[in-house]
Structure formats: structure tokens, C-alpha cells
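Spelled out, the chains give:
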Amino acid sequence: MKHTIKELEDIASQIRRDIVRMVHGCQSGHPGASLGCADFFTALYFEVLNHKTDFTMEGAGEDLFFLSNGHISPVWYSTLAHAGYFDKSELATFRKLDSRLQGHPTTHEHLPGIRIASGSLGQGLSVAIGAALAKKLNGDKSLIFALLGDGELQEGQNWEAAMFAPFNKVDHLIASVDYNGQQIDGPTSKVLALDDLQAKFEAFGWHVINTDGNDMKAIVEGLHYAKTLTGKGKPILNLMSTQMGAGVDYMMGTHKWHGTAPNDEQLAAALAQLPETLGDY
Amino acid sequence: MKKYTYTEKKDTRSGFGAGLHEAGKKNENVVALCADLVGSLKMDAFIKDFPERFTQVGIAEANMIGIAAGMTIGGKIPFTGTFANFSTGRVYDQIRQSVAYSNKNVKICASHAGLTLGEDGATHQILEDIGLMKMLPGMVVINPCDYNQTKAATMAIAEYEGPVYLRFGRPVIPVFTDPDQKFEIGKAWMVNEGTDVTIIATGHMVWKAIEAGEKLAELGIDAEIINIHTIKPLDDEAILKSVKKTGCVVTCEEHNKFGGLGESVARLLTTELPTPQEFVATNDTFGESGTPDQLMSKYGLDAVNIVEAVQKVIGRKK
Ligand SMILES: Cc1ncc(C[n+]2csc(CCOP(=O)(O)OP(=O)(O)O)c2C)c(N)n1
């Protein structure tokens, strides 16, 4: 381990502070699943991913990460800043005119760390598979990671990709699902239930593991375990249970905070629950 | 310049929600579908009163268009609702084959069109949808200018038989058209009669054209302002009549100048009555994050840009 679990939890706490401050600063954006995925992003970038912060688009010899549910950009931007891709002061520009930190991630403004635009849901798994195929052709043994929303899985393109990857033995791909059970119009179970996702992906030929995405130790161990499963002929799916809004009590367990910004009072209440560990931007 | 005033500002998407509710009350064959954006599309009133006539399809727009097309076969009049980007580009072939080519009575209702979607940024800000949709044979394309006109348009398309694309937006803007207006598909609305230039505007740009008209009047320029809410079929007659009088035209739209209303007007004029024209539109670019006002200003879609275009085009008159 490069960091202790306590150190990783401290990083995640700062990322959570950044998320609520960024969304508050522009009075728009998506705090709910950003908070829910803060532990995953911390584990990925500070412990699991083999990556360089002097960014190149190709990322030869590096593990690559793709965010399909692009609306949770705040957690990614904060993680990239703390990992050293760009200065954290830039987080203050989130969603503002002339910023590199667009509402949804983009390559158009050349923000280091981003390799494809996302925001229109359901496209990221295909892109991750394409990047994985290119690595194979290049003889590059590095891994491809992706994150998808659970509601996002209602998009049919995911299932085209889900069918393709095992058939084509894309076995250096670890896709995680942010399994928070919420989407915009309500709980996923009420909008269009995903039912037994594990059985569905297994039926398509994936190796499925289950992790607790809000337990730092569990998520680090789960991702390390997922790595040991690569190279065995199957793509890996990490069904990661999370709480929307994790870390901010009044945002937890409801779809209401999917895409709503806190007001001044709510911001203060959120920050009181999230220790400032690395210094606010 | 005729005086236009307003007492309130509302979003055009709320006009859609109100119109859908009314259409639902009038005709029990009206059904609605949504892809996980019920609140954004203002469908709540319809869903509350007609829960069994509402279908939540989840985040699956292609499936939604297909299901809507199928429902028409049972005599239903489906209104699909999602953002403009996911209503068009996302599902273009589903619309092309199952709706347009098959001539199905689907109403594709698209909110958050254009730059004024704001902070979500370019992935969500479609500036190409008018072009995409007007190119489909048989597709009616409508982009109303305020709450009242959007409500009236929504009710009118329920009574029209055939595929329709209805485009509206997110921001609150002045409500300045008649609440009891009769909406006639394909019929231009004369906002202001004038003699020096024809300003043709659609959607959110109509109020900006009125603001520009007032500024132009102060400069001694008498602008005729026409609201083209139906981009297809275009009201050729109204446009030709006006341009014959004024001799020059400025088109205004919250859309790429490639493929938009302006090009439809240019096509008409080149064949019937070649006329100097200027375009107030985005210039082959994607948008970005920002507030709606900041974006309209940065991308040249404000009243001042219309005034400048008018001055330029008048200079080009022979
Ligand atoms: C193609 C497409 N359709 C609709 C949307 C609007 N939208 C943004 S986020 C979202 C819900 C996503 O649900 P989920 O993947 O579960 O993410 P979470 O709610 O957990 O953040 C929707 C419908 C979109 N961005 N893209």
C-alpha cells in the first residue's frame, strides 16, 4: 500500500469538501453520486491506478480510467487536482464561463486527465473497450478502468458493449458500477428496475465481484483483487454498492440530491461534517 | 415600433407542460413518455391526472422513440420528452426509420435546447437539432418563442396528424404573446411591421429581436420583425412578401448557422428573390458551461448582435 487507510480516508474527506463547495459555487451540478464515489476515486487514483500526472492522451504504459457517468465530474476534477494533474485553485472555476472544468468532462478544453467527453450517458463502456483493444494491439499490458452509473445501465449501448467484451476476451478491463440505487426521477427500482445485475453480467460472460464502495479498506482490497482477475479471458465487473450523498447526512439515501446544489446554510452544514485535511482550494 | 411589454417571466418548457396537460384533457388518445427527466420536462401535471397514460421508460431514449412509434399503431398520440440532444442526435435513426419514414404520429418534445441550457455545457447543448430534424422528409419543426406560444403549439400539434419536432428551452424569459392565441402550424406571426429590414427570429431570439427593434427605432431604422415559429414547413409567402418590401433580411436563431432557420430562409430567397442576408446564429461551434446570459453574449446572440447585423445588411442593399 502506498497510503494507510486513514490517509486515504483523509484524502476522500477533502475531495468531499471540494465537491460540495464546487457545486455550491456555481449553484449547479451533481453532488449526490459525486459524494458517493469519493472513496472509489481516492482508492483508484491514490492506490490502484498505475498512472503519470504529466498527462499524455495516449497514456502508453499507463492504466487508463474512463468516466461514463460524466455528470459526477466534481469528484473526478477534485481527485485529479489532488493527484497532481492541475492546480487545485482551478476547482473554483467549475461550470463557469471559459473554464477547463466543464459541467461534464471534455477534451475540448484540454484538461489533463480527460481522454474523452462524457455526459450523454451510456457511451463510456464502449470507449473503454476500444481503448483496451488498442492497448492489446500495441502490446501494452496496462489496464483499463471504467465507472458507470447504475441508472445509466438502462441505456442499451451498455448491453451491446457487455456482449462484445467477453466474446472478444477483453480481459484487461475492470468496469465498476456505482450501485447507489438512485437516478433522477427516483429510486432505480421504481423507474426501471435493474434486478439481478450480477446474474445479468455473468450471463453475458463477465467475472462479477461485489464491493462496498463507501468502505475504504473494502474498496481498495476489492480493486486489488479485481486486478488479480485480469488476463484470464474475462472482463471484470465490480458491482460497487454506494450511498448517494455519502458523507453528508442530509444528502444520503435519496435521489433528491442527484443534481441539486446546496444553499449557504446547507453548505455550512455539509462542511461541518467533512474535515478539511489537505486545505481547501 | 409596436410596444411589447411583459408582466412575468416563465420557461417555455413549462408552457409545454401546461399544453400537454390541456391536450391530455381534450383527447384521451394523448399519451406521454419520458426518459428519466419528468421534472425537467414539466410533465408532472399530466402524470398526476393521467397516470395510466404515462410511460416512464428509464434512461433509454432509443427505446422510447421505438415504443412511441409502436403506440401510434394502436391509435395513440405519443408525446416523448427528454432534452433536445437526447431527442434528436441520440436517436436519429430510430426517428428516421420508425417515425419519419414510417409516417407515425409521434410528437418529439425537446427541452433544454441550445446554449441557454447553461452550466451543463456542450455535451448537453445541442445547436444542430433544427438542421437534423428539418432534413427528415415529412417532419414538422417548431420552435416557439415564449410560454404562451409553447403551450398553444403543444395543443396544436396534438390535433395535427404526423411527426412533429417541438423544440423549447430551460431559462425563464419574458411572456409577451397572447395567452389565448390560436397556434397555426406553418403560419408566421407578424411581430412588427416595418420598411427598412426584415428580421426573422425563432425561439428565445424573438424577444431579443424585439429589443433590437426598439434600439433600431432610436437609430431611425424601421424594422419589420417576423416570428417564424414553424421552421418547417416554412411560411414562404410571409417571408417573400416582407423581403420584397424591405430588400434585406437578418435571421436570428439559437442554433448553428449551418443547417438552421437562416439556411432555410436563404434557400427560399436564392431561388425566389435573391436578397442580402445576415445570420445571427452560432458559428460552427460547440457551446460550453456558463450562465445562459453569459453564453448568449459570448456566442453573439444578443440584441446588440442583431442591431449590428441589421446595420451591416442595410449597407449591402443596392
Ligand atoms: C443519454 C442521456 N439521457 C439522459 C441524461 C440526463 N441524466 C443525467 S444523469 C441521469 C441519471 C443517471 O442515473 P445514474 O446513472 O444512476 O446516476 P446517479 O443518479 O447515481 O448519479 C440522467 C437521466 C443524460 N445525461 N444522458
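Residues numbered from 1 in each chain as written. Chains lettered and ligands numbered in written order. Predicted model: local features only at pLDDT ≥ 70, side-chain atom pairs only at ≥ 80, totals over all residues. Heavy atoms only, no water.

Caption draft 1: Inspection of the overall build of chain B at higher detail. If you tally the helices and strands in chain B, you get 13 helices and 14 strands. Computed over C-alpha atoms, the radius of gyration of chain B comes to 19 Å, within 12% of the 20 Å expected from 2.2 N^0.38 for 318 residues, which places it in the range of a compact globule. Counting only C-alpha atoms, chain B reaches 60 × 40 × 35 Å along its principal axes. When contacts within chain B are restricted to residue pairs at least 6 apart in sequence, those whose partners lie at least 24 apart make up 81%. Entry remark: accessible area of chain B is about 12000 Å², with carbon and sulfur atoms responsible for 49%. Across chain B, the 34 positively charged side chains and the 40 negatively charged ones have centroids separated by 2 Å. (Helix = DSSP H or I, 4+ residues; strand = E, 2+ residues; numbered from the N terminus. Rg over C-alpha atoms; globule rule 2.2 N^0.38 Å. Contact = heavy atoms within 4.5 Å. Areas by Shrake-Rupley, 256 points an atom, 1.4 Å probe, with all protein chains shown as cover. Lys, Arg positive; Asp, Glu negative; His and termini not counted. Charge placed at Lys NZ, Arg CZ, Asp CG, Glu CD.)

Caption draft 2: Structural view of the nonpolar core. Counting residues in each nonpolar core, the largest one holds 59 residues, and the members touching the most others are A:Phe41, A:Tyr45 and A:Phe65. Setting aside residues up to four positions removed in sequence, A:Tyr45 forms contacts with A:His51, A:Phe65, A:Trp76, A:Thr79, A:Leu80 and A:Tyr85. In this structure, B:Val57, B:Met139, B:Leu261 and B:Val265 belong to the second largest nonpolar core, which totals 36 residues. (Core = buried A, V, L, I, M, F, W, Y, C linked by side-chain atoms within 4.5 Å. Buried < 20%, exposed > 50% of the residue type's maximum accessible area, 1.4 Å probe, protein only.)

Caption draft 3: The site of the ligand, seen in detail. Near the ligand lie 22 residues; those nearest to it are A:His71, A:Gly119, A:Asp150, A:Asn180 and B:Glu61. Around the ligand, the nearby residues trace back to chains A and B. The side chain of A:Asn180 places a nitrogen or oxygen atom 2.7 Å from an oxygen atom of the ligand. With respect to the ligand, the side chain of B:His124 contributes an N or O atom lying 3.4 Å from a nitrogen atom. Burial of the ligand by the protein amounts to 99% of the accessible area it has alone, namely 590 Å². When each cavity is represented as a set of grid points, the ligand is found to reside in the largest pocket. Looking at the shell around the ligand residue by residue, the class counts come to 6 nonpolar, 10 polar and 6 charged. (Near = heavy atom within 4 Å. Polar contact = N/O pair within 3.5 Å; in protein donor to acceptor, adjacent residues only side chain to side chain. 1 Å grid on protein atoms, 1.4 Å probe; cavity = no way out; pocket = protein on both sides within 12 Å on 5 of 7 lines; lining within 4 Å. Sits in = over half its atoms within 2 Å of the grid points. Nonpolar A, V, L, I, M, F, W, Y, C, P; charged D, E, K, R; others polar.)

Caption draft 4: Summary view of the side chain of A:Thr242. All names here are of chain A. Among the structural elements, Thr242 can be located in the loop between β7 (236-241) and α10 (264-271). Its relative accessible area of 10% is what places Thr242 among the buried residues. One polar contact links Thr242 to Asp178, side chain to side chain, over a distance of 2.5 Å. Thr242 has contacts with Gly36, Asp178, Tyr179, Asn180, Gly213 and Asn214, leaving out every residue within four places of it along the chain.

Caption draft 5: Spatial organisation of the domain arrangement of chain B. Residue and element names in this part refer to chain B. By the assigned domains, chain B splits into domain 1 (10-174) and domain 2 (189-315). Distance from the C-alpha centre of domain 1 to the C-alpha centre of domain 2: 25 Å. In this assembly, domain 1 packs against domain 2 so that about 2500 Å² is buried in total across both faces, 59% of it on carbon and sulfur atoms. Three residues stand out in domain 1 for area buried against domain 2, namely Leu115, Leu127 and Lys134, and they jointly supply 26% of the buried area on that side. Counting the contacts that link domain 1 with domain 2 gives 0 salt bridges. At the junction of domain 1 with domain 2, the criterion picks out 24 residue pairs in polar contact (both at pLDDT 80 or more). (Domains from an automatic or database assignment. Buried area = accessible area lost by both parts, 1.4 Å probe. Salt bridge = Lys/Arg side-chain N within 4 Å of Asp/Glu carboxyl O.)

Caption draft 6: Summary view of the UniProt feature "domain: Transketolase-like pyrimidine-binding" (unreviewed entry) in chain B. As annotated by UniProt and renumbered to match this structure, "domain: Transketolase-like pyrimidine-binding" (unreviewed entry) occupies residues 10-175 of chain B. Segment residues 10-175 of chain B splits into 43% helix and 19% strand. End C-alpha atoms: 6 Å apart. (UniProt positions renumbered as here; feature names shortened; annotations may be inferred.)

Caption draft 7: View of the layout of surface pockets. Its boundaries defined by the atoms lining it, the largest pocket holds a volume of some 940 Å³. Along the wall of the largest pocket there are 50 residues; nearest its centre are A:His30, A:Ile184, A:His258, A:Gly259 and B:Leu37. Put simply, the parts of the chain that give the lining of the largest pocket at least two residues each are β4 (182-183) of chain A together with α2 (38-41) of chain B. Here the lining of the largest pocket gets 3 residues from one element, more than from any other, and that element is α2(B). Of the residues in the lining of the largest pocket, the class split is 12 nonpolar, 23 polar and 15 charged. The computed volume of the second largest pocket comes to approximately 480 Å³. Lining the second largest pocket we find 28 residues, and of these A:Ala117, A:Ser120, B:Ala122, B:Thr123 and B:Phe286 sit closest to its centre. Residue composition of the lining of the second largest pocket, grouped by class: 8 nonpolar, 16 polar and 4 charged. (Points joined across faces, edges and corners; volume = space filled by probe spheres on them.)

Caption draft 8: Geometry of the interface of chain A and chain B. With 28 residues of chain A at the interface, the matching set in chain B holds 26 residues. Across the chain A/chain B interface, buried area totals approximately 2000 Å², and carbon plus sulfur atoms make up 47% of it. The largest per-residue losses of area from chain A upon contact with chain B belong to A:Leu97, A:Glu155 and A:Asp185, which jointly make up 28% of the total buried on that side. Between chain A and chain B we count 3 salt bridges in total.

Caption draft 9: Local environment of the packing of helix α3 (residues 38-48) of chain A against helix α4 (residues 73-83) of chain A. Residue and element names in this part refer to chain A. The N-to-C vectors of α3 and α4 enclose an angle of 30°; their axes lie 10 Å apart at closest approach. Note that α3 runs across α4; the crossing there is right-handed. Seen from α3, the contacting residues are Ala38, Phe41, Tyr45 and Phe46; seen from α4, they are Val75, Trp76, Thr79, Leu80, His82 and Ala83. A per-class count over the contact of α3 with α4 returns 8 nonpolar, 2 polar and no charged. (Axes fitted to C-alpha atoms, helices over the stretch in contact; angles between N-to-C directions. Left-handed = near helix turned anticlockwise from the far one by under 90°.)

Caption draft 10: Representation of the side chain of A:Arg115. Residues and elements named next belong to chain A. Here Arg115 lies in the loop between α4 and α5 (124-137). Put simply, Arg115 is tucked away with no salt bridge, and the nearest opposite charge, on Glu62, sits 4.2 Å away. Of note is the side chain of Arg115, whose polar atom sits 2.8 Å from the backbone oxygen of Thr56. A distance of 2.7 Å separates the side chain of Arg115 from the backbone oxygen of Met57, its partner in a polar contact. When near neighbours in sequence (up to four residues on either side) are disregarded, Arg115 contacts Phe55, Thr56, Met57, Glu58, Gly59, Glu62, Leu64, Phe66 and Thr107.

Caption draft 11: Geometry of the pairing of strand β6 (residues 207-212) of chain A. Residue and element names in this part refer to chain A. In terms of strand pairing, β6 meets β7 through 6 bridges, oriented parallel. Considered in β7, the bridge of His207 is made with Ile236. Following the chain from β6 across helix α9 (residues 216-228) to the adjacent parallel β7, one finds a crossover that is right-handed. (Pairing = 2+ DSSP bridges. Right-handed = clockwise from strand over helix to strand, strands pointing away.)

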